[in-house]
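An overview of the molecular structure
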Amino acid sequence: MAEKPSCSAAEDAQNFAHDPSPSPYINHNTMTSNSTPLTQSFLAKKKRILQQLAVPDEDYDDLSPKGSVDLGIRDLIEEINALEGCVTTSSCAGRWKGGENGEGEGEGERENVATTTAGVGGKGGGGRWLFVSHDPVDMTKSALNCAEMLGMQRRDEAEMELSIRGSAREARFIHFKFEPMILHVLTASLHQAQTVLSAALQAGFRESGGLNLTSSTEQPTPMVGIRSMGLALESIIGFEHNGQEICTVPEWQLGNLLEISNDRFVENTKRIERFRALLKDLSGGAQEGRRKGQEGEKWEDPQSRRERKRAEGLRMKEASSKAAKNNDTSGMSEELLDGIELPE
């Protein structure tokens, strides 16, 4: 089985995520853009991954709580996998979510969730997600109740104080988070990794970086992690008490968090599109630099060649018409001159 995808940054190192639709752009060339031969290990990994992607949507499943690949970056993943020296291994298009301390691996029922205390920073303890979405929230709904939508209840201030007093260290707090796109790309060479990383950094994913840059046995196959913590957002909005999720912030504050997340969805999408465009330009430029015609001239794709030939044909036709017109004018001038008697 091919590696399974994950939509959680904490799961990225263990699971793999991919586009479940087969790509029409797959290139089976075995050389990278700088003419470096692809290693057999890379080819085997990419083949296994692409086989997993060929599974029909209705039969596809993965280890992430969502169970499928995010629609927002399917085209991007397909384009990356079409590059001869790249293959995606995990991805998340960006999301807002909320959960108790020690986020769990799924959205299971409460009786299946561990009751141990979470550690400092909310790690461990087998928490769970209460809500998660990869799309902005429609804030125009007049009857929108943010706390209820997020699966929480409200209590008066005195009751909340009694519930949390003296137990803050043991409490399971509910965190609201916005997380921008995260993507991991396995590359066939340092040159290819540099191309992907350069596009990511220029697009605004400034916390991007590379792993596995050296190898003692064969050519390294670096893993490029693409991420941007600058768009991330986190805030405590409640706590769990006696099996109930209690909201501790006012409705207007929850609304503000959702509106900020909506704005960051927009910026996240812009950065994704910039990354797509830059990666196309950088990858295309690298391939074009090594592709030459038979006489050493600059390589042209079929569409560019057709347009150039058409333009040349139109210019030749126009020049021929002008030449014919000039010949007709010269002939008429000679006939007129023949009919005129010049004085001696």
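This text follows the structure it describes.
First, a word on what this report is: a plain description of the structure on this page. Quick caveat, the model's predicted, so the values are computed rather than measured.

1. Observations regarding the overall build of the protein
From N to C terminus, the protein includes seven helices and nine strands. Looking at the protein as a whole, 42% of its 344 residues are labelled buried. The contacts in the protein between residues at least 6 apart in sequence include a share of 76% that link residues at least 24 apart. On the protein, roughly 19500 Å² of surface is accessible, and the fraction owed to carbon and sulfur atoms is 51%.

2. A look at the state of the cysteines
Under the counting rule described, the total for this entry stands at zero disulfides. Its sulfur unpaired, cysteine 146 is 9.0 Å from the next cysteine sulfur, which belongs to cysteine 247. Taking the relative accessible area as the measure of exposure, cysteine 146 reaches 4% and is therefore buried.

3. Quick notes on the sheet that holds strand 8 (residues 233-241)
In spatial order, the strands read 3-2-4-8-9; together these five strands make up an open sheet with antiparallel pairing. Strands with a single pairing partner mark the edges of an open sheet, and in this sheet they are strand 3 (129-133) and strand 9 (244-247). Along the sheet, successive strands turn relative to each other by an average axial angle of 20°, direction set aside. As paired strands, strand 2 (residues 95-100) and strand 3 are joined by four bridges and run antiparallel to one another. What sits directly across from tryptophan 96, in strand 3, is serine 133.

4. Some words on the pairing of strand 5 (residues 182-187)
The two faces of the sheet receive side chains in turn, since in a regular strand these alternate between them. Across the six residues of strand 5, six count as buried, placing the element largely inside the fold. Both faces of strand 5 are covered, namely the face carrying Ile182, His184 and Leu186 and the face carrying Leu183, Val185 and Thr187. With six bridges joining them, strand 1 (residues 86-92) and strand 5 adopt antiparallel strand pairing. Within the sheet, the bridge partner assigned to cysteine 92 lies in strand 5 and is isoleucine 182.

5. Some thoughts on the pattern of salt bridges
Per the stated rule, a full pass over the model turns up nine salt bridges. Here arginine 274 ties to glutamate 267 by a salt bridge, and the two come within 3.6 Å at their closest N and O atoms. Overall, the relative accessible area of 35% leaves arginine 274 in the partly exposed class. Taking the shortest distance from any N to any O, the salt bridge between lysine 322 and glutamate 318 comes out at 3.8 Å.

Conventions we followed
Residues numbered from 1 in each chain as written. Predicted model: local features only at pLDDT ≥ 70, side-chain atom pairs only at ≥ 80, totals over all residues. Heavy atoms only, no water. Helix = DSSP H or I, 4+ residues; strand = E, 2+ residues; numbered from the N terminus. Buried < 20%, exposed > 50% of the residue type's maximum accessible area, 1.4 Å probe, protein only. Contact = heavy atoms within 4.5 Å. Areas by Shrake-Rupley, 256 points an atom, 1.4 Å probe, with all protein chains shown as cover. Disulfide = S-S within 2.5 Å. Pairing = 2+ DSSP bridges. Axes fitted to C-alpha atoms, helices over the stretch in contact; angles between N-to-C directions. Salt bridge = Lys/Arg side-chain N within 4 Å of Asp/Glu carboxyl O.

Any functional reading would require information beyond the geometric quantities listed.
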